[in-house]
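Residue-level listing of the chains:
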Amino acid sequence: MSYAPSDHWNQFFSKCRDAGTDLDWGTQWTKLHLPFLKFANIKTVLDLGCGTGNDVLRLVQQGFTVIGMDFSDEAVRQGREKSEKLGLNAQFVVADMAKRLPFDRATFDAVMSNVAIHMFSDRITRELFQEIRRIVRPKGLFVFHVNSTEDALVRAERHPPMREIEPNYFLERHGQTMHFFSQEYLLDLLSDWKDVELKHYEILNEQTGKPFKRVWWGKAVQPD
């Protein structure tokens, strides 16, 4: 396996819970997706790499039918607990997105993924993008955030890389793998989609005012 195993993420989410914290960016990600999801009359959404389900629950509260999928059974367990506590009808699945996704063709109106699909080699990344196409219905949407190549130096301050496995794909000292995306690479990955939109933006550290993360937001439409 050339990417961080599920144990890595189980330990991460367990530590967050023990510390009384959660990996939650608030509405940072979903606020950019919502206008497009609503305009396209999206009903069913898959959140790929949902973590503890915060974005899943936000979309459910907006009236969408959502399934959250994550590699970590600890994260999924926490997501289910949150859903039950709030009385929301959210579903969660434990699965590895580096393998064939456990859904039939054209199952969803949309797939959403927020800073989760940038963990893999070029080969697996390309296979995953094809899997996303397979499970999205015609005229459905793919909306996402991924770390950009311009984020590499910013992230290295917090998570120093041990070595570069492939171009723009690194193994970090704490065991995580990270693939940084350029605009050209994303356009290549999305060449089979239509109406592709990409936006690059920077998130600042609220305390220091310095860059904390640089990401690509993207939207693409499944052809008829």
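Just so it is clear, the structure is predicted and the values come from calculations on it, not from any experiment. Throughout, a residue's number is its position along its own chain's written sequence, starting from 1. Predicted model: local features are reported for residues with pLDDT of at least 70 only, side-chain atom pairs are reported and counted for 80 or more only, and whole-chain, interface and lining totals are derived from all residues. With hydrogens and water stripped out, all remaining heavy atoms of the structure feed into the side-chain values.

With respect to the packing of aromatic side chains
Ring pairs shown here join Phe, Tyr and Trp side chains whose ring centres sit within 6.5 Å, with only the six-membered ring taken for Trp; geometry is labelled stacked below 30 degrees between planes, edge-to-face above 60, and tilted in between. The final tally for this structure, using the stated rule, is seven aromatic pairs. Aromatic side chains Phe103 and Phe108 sit 5.0 Å apart centroid to centroid with 80° between the ring planes, which places their arrangement in the edge-to-face category. Across the pair, exposure class does not vary: Phe103 and Phe108 are buried alike. It is Arg158 that lies over the ring of Phe212; its NZ or CZ is 4.1 Å from the centre. By definition, being over a ring means that NZ of Lys or CZ of Arg is both within 6 Å of the ring centre and within 35 degrees of the ring normal. Positioned above the aromatic ring of Tyr201, the side-chain terminus of Lys199 is 5.7 Å from the ring centre. Note on exposure labels: buried denotes an accessible area under 20% of the residue type's maximum, exposed denotes more than 50%, and partly exposed covers the range between, all computed with a 1.4 Å probe on protein chains only.

Examining the sheet that holds strand β1 (residues 44–48)
Backbone hydrogen bonds are what pair the strands of a sheet, in a parallel or an antiparallel way. What the seven strands build is an open sheet, ordered β3-β2-β1-β4-β5-β10-β9; its pairing is mixed. Only two strands of the sheet have a single partner each, and these edge strands are β3 (91–94) and β9 (194–204). In this sheet, neighbouring strand axes are inclined to one another by 15° on average, regardless of whether the strands run parallel or antiparallel. Summarising the sheet, strand β2 (residues 65–70) and β3 pair through four bridges and their orientation is parallel. Considered in β3, the bridge of Ile67 is made with Gln91. Helix α4 (residues 73–86) contacts β2 and β3 of the sheet and is inclined by roughly 170° relative to β3. Along the sheet, helix α5 (residues 122–135) makes contact with β1, β4 (108–114) and β5 (136–147), crossing β5 at roughly 145°. Strands are labelled as partners when DSSP assigns at least two bridges between them. Under the DSSP-based scheme used, a helix requires at least four consecutive residues in state H or I and a strand at least two consecutive residues in state E, with every element numbered from the N terminus. Orientation is described by axes fitted as lines to C-alpha atoms, over the contacting stretch for helices, and by angles from 0 to 180 degrees between their N-to-C directions. Whether two residues touch is decided by their heavy atoms; if any such pair falls within 4.5 Å, the residues are in contact.

Focus: the sheet that holds strand β6 (residues 161–166)
Strand order across the open sheet formed by three strands is β6-β7-β8, with antiparallel pairing between neighbours. Unpaired on one side and paired on the other, β6 and β8 (177–179) mark the two borders of the sheet. Recorded for the sheet is a direction-independent mean angle of 25° between the axes of neighbouring strands. Direction of pairing for strand β7 (residues 169–172) relative to β8: antiparallel, over a ladder of three bridges. Bridge pairing in β8 places Tyr169 opposite His179.

Considerations on the nonpolar core
The biggest cluster of nonpolar side chains holds 41 residues, and the ones touching the most others in it are Leu46, Leu48, Met97 and Phe142. With five residues, α5 is the largest single contributor of residues to this core. Discounting chain neighbours no more than four positions away, the residues touching Leu46 are Ile67, Met69, Phe103, Phe108, Ala110, Val111, Met112 and Ile135. To define a nonpolar core, start from buried Ala, Val, Leu, Ile, Met, Phe, Trp, Tyr and Cys residues and group those joined through side-chain atoms within 4.5 Å.

Regarding the state of the cysteines
A pair of cysteine sulfur atoms is labelled a disulfide when the two atoms are within 2.5 Å. Applying the stated rule across the entire model yields zero disulfides. You can see Cys16 has no disulfide; the closest cysteine sulfur is in Cys50, sitting 14 Å from it. What makes Cys16 buried here is its relative accessible area of 13%.

Observations regarding helix α3 (residues 54–61)
The buried fraction of α3 amounts to seven of the eight residues, a majority that puts the element mostly inside the structure. Every buried residue belonging to α3 is among Asn54, Asp55, Val56, Leu57, Arg58, Leu59 and Val60, and all of these are buried. Along its buried surface, α3 packs onto α2 (30–39), β1, β2, α4, β3 and β4. Two residues or fewer past α3, Gly63 is found with a positive phi of approximately 100°.

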